[in-house]
Amino acid sequence: MSSPHVLVVGAGAIGAFFASRLATVPGVTVSAICRSNYKAVVANGLRVTSPVFDETVLRPAFTFCSPDEARESKQKHDTKWSHLLVATKLIQELGDPSALLDGLVNEGSSIVLMQNGLGIEDPYKKRFPQATIISSTTRTSAIQNKPGHIKHNFLTRTTIGPFTPNANETTSDIATQRTQEFAALLHSAGIPDVDILDHAGMQFARWHKTAINAAMNPTAVLARGPTNRAMVLDEELEIHLKAVMKEVLDVACKILGQPLPEWLPRIADVIQGVKGDTSGSHPSMWVDWEAGRKVELEAILGNPLRQAREHGLVLPRTQTIYALLKKAQEVRENQHSIESKLQT
Ligand SMILES: NC(=O)C1=CN([C@@H]2O[C@H](COP(=O)(O)OP(=O)(O)OC[C@H]3O[C@@H](n4cnc5c(N)ncnc54)[C@H](OP(=O)(O)O)[C@@H]3O)[C@@H](O)[C@H]2O)C=CC1
Ligand SMILES: CC(C)(CO)C(=O)C(=O)O
């Protein structure tokens, strides 16, 4: 691989954490598309603290305030990003997320989707049928506490695999090779626990991560902000969290036609692991809710529910959580719009 140039699309908690790690690898260049933190990043870079890694301050080679600015710069400098690391939040109501990458993808670029949720790769496959799409989930917990300041809280465990439904042998081989190259960069960046998977394995890993998120993330919102640890230490919530994870994993096994692979952690181990998280971390969905932003409702809850229904299966607990959170979000959005009308 010639000198990698990674463009991070969405330099928030996860994007900035991985960008800062990748920038420590000799020969790797990192640029970033920012939004609300743009001015802070231009002024002071992306500062990342961690219980595991040394504190870093990343000054991206190029810091863009928008995808449009990145497109202009690409044309001007004939830049070819080797990897587009996408770490925006997936908010369905905002439209097709893959549109952000229009004009940024080259032949030879890989699109690495490091986001929560299910079915998230499809819009990218549709818009960029020839591009290499790499799917990734991470148990890394991080938060941007103020613009440009990111706190890594807990874990780094990451799964990565090519997204190659219906691929022929050649495109599948290329995607596999690029996945291995990106995983090698993560490894060189000090991330010790990156599991490299094939397409089918990665889809299982995505269902598994979605099971965790469908349980933890909306529960934190509906219970008004307990930490991850406080949720698993609560006797009633622990029962509920395990039951949501179980029903999502059971459906995953039915849809994917296999039992839960040995290499994926069992529910009891996931819960036990979170009991050891003394960092005070909250699920990323709570962070959005608390800040008054829309949450990743469809990617994390709606999509698994719809996939289950398409297969004639049900997710009763997940459906209840989805319905409650959807309505809570609608009520809040209506209040916001009434309040803003009153102010004008
Ligand atoms: N935080 C965590 O602990 C974990 C998060 N995840 C997943 O990772 C993904 C990213 O989450 P997280 O890092 O927490 O999210 P953040 O909100 O911290 O970061 C997302 C970043 O993307 C930016 N962004 C969104 N849309 C655009 C756009 N159109 N143009 C430019 N920038 C944009 C946001 O800008 P702005 O600030 O202006 O909104 C923000 O800086 C999500 O799918 C999440 O579920 C997975 C594991 C753990
Ligand atoms: C870190 C973890 C697993 C917590 O639920 C997560 O994915 C999130 O916060 O979105």
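Residues numbered from 1 in each chain as written. Chains lettered and ligands numbered in written order. Predicted model: local features only at pLDDT ≥ 70, side-chain atom pairs only at ≥ 80, totals over all residues.

A. Local environment of unusual backbone geometry. Residue Asp78 is not a glycine yet carries a positive backbone phi of 50 degrees. For Arg224, which is not a glycine, the phi torsion comes out positive at approximately 60 degrees. Positionally, Arg224 belongs in the loop between α6 (199–222) and α7 (228–233). (Helix = DSSP H or I, 4+ residues; strand = E, 2+ residues; numbered from the N terminus.)

B. Seen up close, helix α9 (residues 267–275). Looking only at α9, the buried set comprises Val270, Ile271 and Val274. Within α9, the buried residues cover an arc of 95 degrees as seen down the axis, which keeps them to one side. Exposed residues lying more than 90 degrees from the buried face of α9 are Ala268, Asp269, Gln272 and Lys275. At its buried positions, α9 is contacted by α6, α7 and α8 (235–256). (Buried ≥ 20, exposed ≤ 12 C-beta atoms within 10 Å, placed from the backbone. Arc of directions from axis to C-beta. Contact = placed C-beta atoms within 7 Å.)

C. Region of interest: the sheet that holds strand β11 (residues 158–162). Taking strand neighbours across the sheet as the criterion, the eight strands line up as β5-β2-β1-β6-β7-β8-β11-β12 in an open arrangement whose pairing is mixed. Looking along the sheet, the strands with just one partner apiece sit at the ends: β5 (63–64) and β12 (194–196). Two strands pair when backbone bridges link them, and strand β2 (residues 29–33) and β5 are joined in this way by two bridges, in the parallel orientation. Looking across to β5, one finds that Ala32 is bridged to Thr63. (Pairing = 2+ DSSP bridges.)

D. Quick peek at the domain arrangement of the chain. Domains assigned within the chain are domain 1 (5–197) and domain 2 (203–343). Averaged C-alpha coordinates put domain 1 and domain 2 at centres separated by 23 Å. Taken together, the 20 residues of domain 1 in the interface contact 20 residues of domain 2. Among the secondary structure elements, those contributing two or more residues to the side of domain 1 that touches domain 2 are β8 (132–138), β9 (141–146) and β10 (149–154). By residue class, the composition of the side of domain 1 that touches domain 2 is nine nonpolar, nine polar and two charged. (Domains from an automatic or database assignment. Nonpolar A, V, L, I, M, F, W, Y, C, P; charged D, E, K, R; others polar.)

E. Looking closely at the confidence of the model for the chain. Residues at a pLDDT of 70 or more form 100% of the chain, whose mean pLDDT is 97. Predicted complex metrics record ipTM = 0.99 and pTM = 0.97. (pLDDT = per-residue confidence, 0-100.)

F. Representation of the site of ligand 2. Contacts to ligand 2 come from Asn116, Arg139, Ser141, Ile212, Asn213, Met216, Asn217, Asn228, Pro283 and Ser284. Element by element, the count of residues in the shell around ligand 2 is highest for α6, at four residues. Here the residues of the shell around ligand 2 sort into three nonpolar, six polar and one charged. Taken domain by domain, the shell around ligand 2 gets at least three of its residues from each of domain 1 (5–197) and domain 2 (203–343). (Near = placed C-beta within 6 Å.)

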